[in-house]
4 protein chains.
Amino acid sequence: MDPSPPDAPADPWVVVTHRVIYGDTDAMGIVYYGTYLRFLEVGRNEYLRARGGEYRQIEAAGYVLPVLEVNVRYRAPAVYDDVLEVRTRVGKVSKVQLSFEYEVRRASDDALLVTGSTSHASLDKETRRLVRLPECVLRWLPQPSS
Amino acid sequence: MDPSPPDAPADPWVVVTHRVIYGDTDAMGIVYYGTYLRFLEVGRNEYLRARGGEYRQIEAAGYVLPVLEVNVRYRAPAVYDDVLEVRTRVGKVSKVQLSFEYEVRRASDDALLVTGSTSHASLDKETRRLVRLPECVLRWLPQPSS
Amino acid sequence: MDPSPPDAPADPWVVVTHRVIYGDTDAMGIVYYGTYLRFLEVGRNEYLRARGGEYRQIEAAGYVLPVLEVNVRYRAPAVYDDVLEVRTRVGKVSKVQLSFEYEVRRASDDALLVTGSTSHASLDKETRRLVRLPECVLRWLPQPSS
Amino acid sequence: MDPSPPDAPADPWVVVTHRVIYGDTDAMGIVYYGTYLRFLEVGRNEYLRARGGEYRQIEAAGYVLPVLEVNVRYRAPAVYDDVLEVRTRVGKVSKVQLSFEYEVRRASDDALLVTGSTSHASLDKETRRLVRLPECVLRWLPQPSS
């Protein structure tokens, strides 16, 4: 992927909150490691919405953006009834790929619980072949500063 | 639904086992109540397979059998690493509906943990209208004894 | 269970919304039948909060309210990105049991998608024996009108 | 982490199979990206069992091995009713950490669907402090060849 220029200001976080339910947790008493991938999906859905878009429009335009890769680092556990802040921003953007970066923090004390990233390919919905990112997505992304 | 005749011998159980993972449990230390609906799905998939069928063939034939209703009674908890036996049989069958009955038992001591049932409508996959149960499904069901 | 008197006014619904993510859905293109049990858990958590309580306090007071039984009727499907309204109220209350009733509606057109109920036993957290519903829960419940 | 010596023979894969259910999939028609973290958990549970151990024994001995990090690369999609082979082996081992490596393949044609890894810290169950990997775990791990 073409990296963003190193001096570009970071894209501002889009924040969405979630209160932990029993269904998110496991018998270790904490949020199950796989549950965070649900939270990251909520994060990128709401990122697009905050930028004026919707993932649904991408599909309606004939594209899909499947997850190619996910990386998650678990720094501290979350427990039942914690209010979590899921923070999402765009990372790298190339002609045919896009990555999101995430932080999950506990709202009560701002503790950093999880950091992660997902990368996505731009595919034609029918042929499943790699294609340039659709116009609508490019409009929603942070614009180069000059 | 037309009930099965009261003196019909019960359909024999089809049994499949599952070992509980952390992802099945919650912070109460036991299997989450919603996780059992996954186990019931495994149960009815394997019921059809044991009878010579596959749910995939139903869809290929142009039908779907969506869940109309689920009832589950939680009698005793299951914990991490328990081996569960999911037992499934057909309950009532009418022209356009079908129900499954389930038991979940702990393999080590045969303790009855959960009982339940699901009922399913026979729909045309395209029109989503109620239609007679497809031939293939009728062939897989327990046959009337006379 | 002792039924509520038949002429008691129904407890008003407490409403919480949820936007459907891919993680809630399945390959039939609709919300998976088991996912609704997560939504019902959110519903009863928020019911207690709206009444001035929290499930956490029940556990802190030495009680648990495990699910004894769940019944769900699926009336119409929900799809990706639908905003759902989960409506919860208390059903029957006896000395040692409590039930919740639920409706899930699509916010855009108020369509009724799912109805259901859960019943819960009041247990001592340590001994796991059936005990009277704790004082704190009784304070959060709808009060008899006279 | 101390890397394994570069000329060490790789630890042999331990293989467990799973048939995809609707509850594993999403409305894109494929297995949801978060569901694979369940499969990886099954993989490492069965790895330990194949080596003569059980995760339960680790906890009984007073230790926990929480996930510090997960990396997953999605190479090709799996669909409903696919039989998946989850292959697990130990990656790097240091005094206080351990990593597992995974492959998920479709059984019918051996297609590689997913590769991934998880790293785990060795913690005292009570103090949650980093401690040397317990003896029982070391016995289950591949032994240095000389």
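Here the structure is shown first, and the text comes after it.
In short, a report on the structure.

Criteria and thresholds
- Residues numbered from 1 in each chain as written.
- Chains lettered and ligands numbered in written order.
- Predicted model: local features only at pLDDT ≥ 70, side-chain atom pairs only at ≥ 80, totals over all residues.
- Helix = DSSP H or I, 4+ residues; strand = E, 2+ residues; numbered from the N terminus.
- Rg over C-alpha atoms; globule rule 2.2 N^0.38 Å.
- Buried ≥ 20, exposed ≤ 12 C-beta atoms within 10 Å, placed from the backbone.
- Contact = placed C-beta atoms within 7 Å.
- Least-squares fit on C-alpha atoms with pLDDT ≥ 70 in both.
- Nonpolar A, V, L, I, M, F, W, Y, C, P; charged D, E, K, R; others polar.
- Expected span 1.5 Å × (residues − 1).
- Pairing = 2+ DSSP bridges.
- Axes fitted to C-alpha atoms, helices over the stretch in contact; angles between N-to-C directions.

Notes on the overall build of chain A
(1) Moving on: A tally of regular secondary structure across chain A gives three helices and seven strands.
(2) Moving on: Order of helices (α) and strands (β) in chain A, N terminus to C terminus: β-α-α-β-β-β-β-β-β-α.
(3) Moving on: In terms of overall dimensions, chain A is globule-like: its C-alpha atoms have a radius of gyration of 16 Å, near the 15 Å expected for 146 residues.
(4) Moving on: Along the first, second and third principal axes, the C-alpha atoms of chain A reach 45 × 35 × 25 Å.
(5) Moving on: Split into buried and exposed, the 146 residues of chain A put 38% on the buried side.
(6) Moving on: Partitioning the intrachain contacts of chain A with sequence separation of at least 6 by distance along the chain shows that 69% fall at a separation of at least 24.

Details of the relation of the copies chain D and chain A
(1) Moving on: The transformation that overlays chain D on chain A combines an axial shift of 0.0 Å with a rotation of 180°, and the residual RMSD is 0.0 Å. Such a combination of rotation and displacement between the chain copies is what one expects of a two-fold axis. Taking C-alpha positions as the reference, the residue of chain D nearest the rotation axis is N71 of chain D, at 2.2 Å.
(2) Moving on: A symmetric contact is evident, with 100% of the interface residues of chain D recurring at the interface of chain A.

Some details on the interface of chain D and chain A
(1) Moving on: If you look at the interface, chain D gives 14 residues, while chain A gives 14 residues.
(2) Moving on: Of all elements in the fold, only α1 (35-50) and β3 (67-74) of chain D reach the threshold of two or more residues within the side of chain D that touches chain A.
(3) Moving on: Per-element accounting of the side of chain D that touches chain A gives the leading share, eight residues, to β3 of chain D.
(4) Moving on: A class-by-class count of the residues in the side of chain D that touches chain A yields nine nonpolar, two polar and three charged.

Things to note about the relation of the copies chain A and chain B
The two chain copies are connected by a rotation around an axis plus a translation along it.
(1) Moving on: Superposing chain A onto chain B takes a rotation of 180° combined with a translation of 0.0 Å along the rotation axis, leaving an RMSD of 0.0 Å.
(2) Moving on: Interface overlap between copies is the fraction of interface residues in one copy that are interface residues in the other; for chain A against chain B it reaches 100%, indicating a shared surface.

Examining α1 of chain D
Every α-helical turn comprises 3.6 residues, leaving residues that sit three or four positions apart pointing alike.
Residues and elements named next belong to chain D.
(1) Moving on: For α1, which comprises 16 residues, the first-to-last C-alpha distance of 23 Å matches the rise-based estimate of 22 Å (1.5 Å per residue) to within 8%.
(2) Moving on: In terms of burial, α1 is a largely internal element, twelve of the 16 residues being buried.
(3) Moving on: Burial in α1 covers these residues: T35, Y36, L37, R38, F39, L40, E41, G43, R44, N45, Y47 and L48.
(4) Moving on: Directly beyond the C-terminal end of α1, a positive phi value near 95° is found at G52.

Observations regarding the environment of D81 of chain A
All names here are of chain A.
(1) Moving on: Checked against the element boundaries, D81 lands in the loop between β3 (67-74) and β4 (83-93).
(2) Moving on: Residue class for D81 comes out partly exposed when judged on the 17 C-beta atoms lying within 10 Å of it.
(3) Moving on: A C-alpha to C-alpha distance of 15 Å links D81 and Y36, two positions 45 residues apart in sequence.

Here we look at the interface of chain A and chain B
(1) Moving on: Contacts between the two partners involve eleven residues from chain A and, on the opposite side, eleven residues from chain B.
(2) Moving on: Looking at the side of chain A that touches chain B residue by residue, the class counts come to six nonpolar, four polar and one charged.

Focus: the sheet that holds strand β6 (residues 112-121) of chain C
(1) Moving on: Read from one edge to the other, the open sheet built from ten strands follows the order β1(B)-β4(B)-β5(B)-β6(B)-β3(B)-β3(C)-β6(C)-β5(C)-β4(C)-β1(C), with strand pairing classed as antiparallel. At either margin of the open sheet sits one strand with a lone partner, and together these are β1 (14-19) of chain B together with β1 (14-19) of chain C. Averaged over neighbouring strand pairs, the angle between their axes works out to 20° when direction is ignored.
(2) Moving on: Alignment of strand β5 (residues 97-106) of chain C against β6 of chain C, held across nine bridges, turns out to be antiparallel. By the bridge assignment, Y102 of chain C is partnered in β6 of chain C with G116 of chain C.

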